[in-house]
Structures are given as structure tokens and as C-alpha cells.
Amino acid sequence: MSDSSVSTSVAVIQCNSGGDTEANKAQLAGLIAEAAEQHAKVILLPEMCLNMDGAQYQALASDPATVQWFASQARVNGVWLLAGAVPQPCPDDDPRVRSALLVFNDQGELVKRYDKIHLFDVDVGDAQGSYRESARFAPGTDLVVVDTPAGRVGLSICFDLRFPQQFTTLRDMGAEILVVPAAFTYTTGEAHWEILLRARAIENQCFLLAANQCGWHDDKRRTWGHSMIIDPWGKVVGQLEHEPAALVCAIDPAQVAERRRLMPLYSPI
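About the thresholds
Residues numbered from 1 in each chain as written. Predicted model: local features only at pLDDT ≥ 70, side-chain atom pairs only at ≥ 80, totals over all residues. Heavy atoms only, no water. Salt bridge = Lys/Arg side-chain N within 4 Å of Asp/Glu carboxyl O. Helix = DSSP H or I, 4+ residues; strand = E, 2+ residues; numbered from the N terminus. Buried < 20%, exposed > 50% of the residue type's maximum accessible area, 1.4 Å probe, protein only. Lys, Arg positive; Asp, Glu negative; His and termini not counted. Polar contact = N/O pair within 3.5 Å; in protein donor to acceptor, adjacent residues only side chain to side chain. Contact = heavy atoms within 4.5 Å. Phe/Tyr/Trp six-rings, centres within 6.5 Å; stacked < 30°, edge-to-face > 60°. Lys NZ or Arg CZ within 6 Å of the ring centre and 35° of its normal. Pairing = 2+ DSSP bridges. Axes fitted to C-alpha atoms, helices over the stretch in contact; angles between N-to-C directions. Expected span 1.5 Å × (residues − 1). Bend = angle between axes of the 7 residues up to and from the residue. Core = buried A, V, L, I, M, F, W, Y, C linked by side-chain atoms within 4.5 Å. Left-handed = near helix turned anticlockwise from the far one by under 90°. Nonpolar A, V, L, I, M, F, W, Y, C, P; charged D, E, K, R; others polar.

Caption draft 1: Highlighting the pattern of salt bridges. Within this structure, the stated rule accounts for 12 salt bridges. The residue Glu203 makes a salt bridge to Arg200 at a minimum N-O spacing of 2.4 Å. One end of the pair, Glu203, and the other, Arg200, are both in helix α5 (residues 186-204), three residues apart, so they sit about a helical turn from each other. Judged by its relative accessible area of 7%, Arg200 is buried. Connected through salt bridges with shared partners, the residues Asp92, Arg98, Arg113 and Asp115 form a single ionic network.

Put into C-alpha cells, the structure is as follows:
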């Protein structure tokens, strides 16, 4: 990084969310404040960080206080907050909810929303056995990028990670940073998490921020943790392990432009 570069500190939060929303808020508030104290300007939270109990998602989606809490955290800490995935109402008549990544600026204003497109309907072979997100969630349709103090950010959620064309399109839309909030299972995370994250960073020549849930959430569901920040060359510049924590790293969008200049892979659309 040259002396003329302008870097910005960003953070990924790793948490262990259960079915107690107030306890989860307390955990998140402490980690957000910790990252802000380390001068993070943009903070990414994991998928379903407010609650991992699917039976509560309809209530959370219908309660305005759900969004207001994240807005207050962004405002009080003076940070851009990317609330990894939050249950939100469908914009149509579908009775299910959407899994929405909500982006708040440092004034607490909701500036962008991305609804998860690829739903996790799979058989994994862990203690949970199978997952059927489509039973509770309706899929989104639109890709979203947002300008932040750290650069132009392309949004995704968890299972989207396995669909590289989504990330290529985000790059074509101007993304310099890709974000992946997740509740990646222990089984799939151990096998594929880092490989897929580094591949998306390398092939799109973007920074990548990945915030995952960690630990046991009930007697069947366990997530992998290992939240990380990756540079446009695919190098892991910071990584957590299996415990709740905040990871803060400085990134410089000039590295994206330089990497793309040295190794041109795409023509702009």
C-alpha cells in the first residue's frame, strides 16, 4: 500500500445467536461498539444475527422496532452498519418473509436493502439433517450495490456464495468490495467456506468481507465461524476462529484498481 493510498477500517462481527432476541442484541451491541472503538467505519453483521429461531421470524418482520434497533446502533456508534440478514415483510402478497440485508449509514438512515435470492434448501447430513429456507422465506430478485465510506459494496447473503454469476454481476455493477453475511453450517463451512470466499475474491478482484455465525444455536444447529476479510489477490488478511468477536482491518480500494490493471480479466458492460 503506497503512502498516497487512502485506507478505511472495516469490521466483520462474529456472533452466536440463539432464540433470545434481547440477549442477542446485548451481544451484538458490545461487539459493534468494540469495532467502532477500533475506528471501523463499515461493520458487517452475520445472517439472522438478531435471532436464529425461525418460529420468531414473522413477529420480527412485522415489528418496526427490529429495524429501529439496527438504525440506533449505526447512529450511536457513528458507523455504516450492514445488518447481515433480518426478517422483513415481502413487498408482494407472499405470506412468507424475506431475508434482507439492511444497510444503514452513520446517521442511522436505511439506505439500501438486498433480499436473499438463493434459498438454502439442501440436505447436509449434520445433526439438523436438512434445511428448507423456502418454507419460511420468499426469494428476492434484484442485485444491489451501495456506495460506502470504504468503497462500492456488492451485497449477498450466505448461500448466494455458491453462485459465482451473482458476484460477477456485482463486479460489473461497480463493486470493489463483496460482503457475505452468513450462518454457514459447521459441516459445509469446514469443507467449503474459505475456498468459496477466496475464489469469489480472486475471480472478481475485490475485497471480500465475510461475517459468519459460530457455535451451537440449539441441540441440532451448529455454525462454522471463521469470519474473515480477504484482499483482491485472495489473501486472507484477518480471520476469526470459533468464538464471538469483532475483526477490524484497514482496506484500500486502490488495491482493487491496481490488481485489475495488472491482471485485466473483464471488460466493462
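Next comes the rest of the write-up.
Caption draft 2: Region of interest: the side chain of Asp231. Within the fold, Asp231 resides in the loop between β14 (228-230) and β15 (236-239). Of the side chains with opposite charge, Lys235 comes closest to the buried, unpaired Asp231, at an N-O distance of 5.8 Å. A distance of 2.9 Å separates the side chain of Asp231 from the backbone nitrogen of Trp233, its partner in a polar contact. Beyond its immediate sequence surroundings of up to four residues, Asp231 is in contact with Ala201, Cys206, Phe207 and Val237.

Caption draft 3: Summary view of the packing of aromatic side chains. Following the criterion strictly, the structure yields eight aromatic pairs and no others. The interplanar angle of 75° and the centroid separation of 5.2 Å between the aromatic rings of Trp69 and Phe70 together place this pair among those described as edge-to-face. In this structure Phe70 comes out as buried when scored by relative accessible area, which is 0%. Seen in terms of ring centroids, Phe120 and Tyr131 are 5.2 Å apart; in terms of plane orientation they differ by 45°. Their pairing is tilted. Of this pair, Phe120 sits in the loop between β5 (110-115) and β6 (121-123) while Tyr131 is found in strand β7 (residues 130-132), placing the two residues 11 residues apart along the sequence. An identical accessibility class is assigned to Phe120 and Tyr131; each is buried. One aromatic cluster is present, built from ring pairs that chain together Phe120, Tyr131, Phe159 and Phe163. Sitting over the face of the ring of Tyr186, Arg222 holds its NZ or CZ atom 3.8 Å from the ring centroid.

Caption draft 4: Summary view of the pairing of strand β8 (residues 145-148). Sheet topology note: the β8/strand β9 (residues 151-155) ladder contains four bridges and is antiparallel. If you follow Asp147 over to β9, its bridge partner there is Arg152. Here β8 folds back onto β9 in antiparallel fashion, the turn holding two residues.

Caption draft 5: Up close: the sheet that holds β15. Here six strands make up an open sheet; going across it, the order is β8-β9-β10-β11-β14-β15 and the pairing mixed. Edge strands, defined here as strands with exactly one partner in the open sheet, are β8 and β15. Here the strands of the sheet are splayed against their neighbours by 20° on average, with no regard to which way each runs.

Caption draft 6: α5, seen in detail. For α5, with 19 residues, the first-to-last C-alpha span of 26 Å sits near the 27 Å given by 1.5 Å per residue. For α5, the principal kink sits at His192 and spans about 55°. When α5 is considered as a whole, its buried residues turn out to be Thr188, Gly189, Trp193, Leu196, Leu197, Arg200, Ala201 and Asn204. Structurally, α5 contributes buried residues whose contacts are with α4 (164-172), β10 (177-182), β11 (207-212), β13 (222-224), β14 and α6 (254-262). Of the residues one or two after α5, Gln205 is the one with positive phi, at around 50°.

Caption draft 7: Spatial organisation of the nonpolar core. Within the largest apolar cluster, 84 residues are counted, with the highest numbers of intra-cluster contacts made by Ile43, Phe70, Leu155 and Trp193. If we skip the residues at most four places from it in the chain, Phe70 touches Leu45, Cys49, Leu50, Leu81, Ala83, Val86 and Phe104.

Caption draft 8: Region of interest: the packing of α4 against α5. Relative orientation of the contacting elements α4 and α5 amounts to 35°, with a least axis distance of 10 Å. α4 and α5 meet at a crossing whose hand is right-handed. For the pair α4 and α5, the contacting residues are Pro164, Phe167, Thr168 and Arg171 in the first and Arg200, Glu203 and Asn204 in the second. Tallied by class, residues from the contact of α4 with α5 come to two nonpolar, two polar and three charged.

Caption draft 9: Broad picture of the environment of Ile157. With respect to the helices and strands, Ile157 occurs in the loop between β9 and α4. Residues Ile157 and Leu209, spaced 52 residues apart in sequence, show a C-alpha to C-alpha distance of 11 Å. For Ile157, the contacting residues outside a window of four places in its chain are Glu47, Gly84, Ala85, Ser99, Ala100, Leu101, Tyr114, Lys116 and Pro181.

Caption draft 10: Geometry of unusual backbone geometry. If you check the backbone angles, Met48 has positive phi at about 50° while not being a glycine. Assessed through its relative accessible area of 4%, Met48 is described here as buried. Its identity is not glycine, yet Gln205 carries a phi of approximately 50°, on the positive side. Along the chain, Gln205 turns up in the loop between α5 and β11. The class for Gln205 is buried, based on a relative accessible area of 1%.

Remember, this is a structural readout, not a statement about activity or role.
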